[in-house]
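The lines below spell out each chain.
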Amino acid sequence: MANPSFKALTWLSRHRPSAPLVAIGGAIMLFCAGLPVATLNEVAFRAQAVRESRVQAQMLAASVTAALAFEDPTAAQEYVESLHVNPQIESGGIYDASGRLVASYTRPGAQPAAQHAPPMLSRDDGRAIEVGVPVTLKAETIGSVFLKSSAEPLFRTANRYA
């Protein structure tokens with residue numbers, strides 16, 4: 001009785017012209033199997049980017065509490081200027097309790113922060129991540145912080161999967 005692996009090799013050597021088709025079929029199967037994994041990875045990556053933006057907004061909100069409580073726009077501006085170290089942040093705004101813009105940061109070439117406080121939200125529309133969080137003092141909302149971050153460029157997303 002012949003070894004089964006030997007039979008497979010014998011069959012493959014007789015049907016050599018179909019070997020490229022087998023290789024192409026295998027590649028297509030691997031691609032199709034990897035697509036759901038890449039999709040889940042991308043969803044998780046985007047959710048993490050929103051969480052990171054939210055944490056950065058919360059840190060800024062915690063930092064500007066005194067500036068809003070004492071109505072010090074100079075101090076608020078100094079805090080919001082620190083956003084320049086994150087290249088993903090396009091703009092940020094600090095708003096008082098009435099929703100008026102107190103201080104803002106805008107990366108060159110980006111759209112400036114809104115003059116009135118946008119709604120408190122966390123949103124990723126594929127082009128930008130927008131996050132709004134309250135600034136609180138002793139459980140009282142005294143203002144808000146809003147950040148807009150650029151989403152990862154398509155070429156960088158593609159490079160993760162290349």
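Refer to the structure printed above.
What comes next is a walk through the structure.

**Describing the pairing of strand β4 (residues 128-137)**
Thought 1: With 7 of 10 residues buried, β4 is to be regarded as a mostly interior element.
Thought 2: The hairpin formed by strand β3 (residues 122-124) and β4 contains 3 residues between the paired strands, and Gly-126 there has a positive phi angle of roughly 95°.
Thought 3: Bridge count between β4 and strand β5 (residues 140-150): 10 bridges; the pairing is antiparallel. Paired with Val-135 across the two strands is Gly-143, which belongs to β5.

**Considerations on the sheet that holds β3**
Thought 1: With antiparallel pairing, the 5 strands of this open sheet are ordered in space as β2-β1-β5-β4-β3. With partners counted over all chains shown, the strands left at the sheet margins are β2 (101-106) and β3, one partner each. Taken pair by pair, the neighbouring strands of this sheet meet at an average axis angle of 10°, ignoring direction.

**With respect to the side chain of Ser-144**
Thought 1: As for its placement among the helices and strands, Ser-144 is situated in strand β5.
Thought 2: A residue is classified by how much of its surface remains accessible, and Ser-144, at 5% relative accessible area, is buried.

**Thoughts on the pattern of salt bridges**
Thought 1: Summed over all chains, the structure comprises 4 salt bridges.
Thought 2: One salt bridge connects Arg-46 with Asp-124, and the closest N-O pair in it is separated by 2.9 Å. Here Asp-124 lies in strand β3 and Arg-46 lies in helix α2 (residues 19-63), a separation of 78 residues in the sequence.
Thought 3: Among the residues examined, Asp-124 registers a relative accessible area of 28% and is labelled partly exposed.
Thought 4: In this structure, Asp-96 engages Arg-100 in a salt bridge whose closest nitrogen and oxygen atoms are separated by 3.3 Å.
Thought 5: Residue classification places Asp-96 among the buried positions, given a relative accessible area of 17%.

**Comments concerning the nonpolar core**
Thought 1: With 23 residues, the main nonpolar core has Ile-94 and Val-145 as its most contacted residues.
Thought 2: The element best represented in this core is α2, accounting for 5 residues.
Thought 3: Aside from chain neighbours lying at most four places away, what touches Val-145 is Ala-57, Leu-60, Ala-61, Val-64, Gly-93, Ile-94, Val-131, Gly-132, Val-133 and Val-135.

Calculation rules
- Residues numbered from 1 in each chain as written.
- Predicted model: local features only at pLDDT ≥ 70, side-chain atom pairs only at ≥ 80, totals over all residues.
- Heavy atoms only, no water.
- Buried < 20%, exposed > 50% of the residue type's maximum accessible area, 1.4 Å probe, protein only.
- Helix = DSSP H or I, 4+ residues; strand = E, 2+ residues; numbered from the N terminus.
- Pairing = 2+ DSSP bridges.
- Axes fitted to C-alpha atoms, helices over the stretch in contact; angles between N-to-C directions.
- Salt bridge = Lys/Arg side-chain N within 4 Å of Asp/Glu carboxyl O.
- Core = buried A, V, L, I, M, F, W, Y, C linked by side-chain atoms within 4.5 Å.
- Contact = heavy atoms within 4.5 Å.

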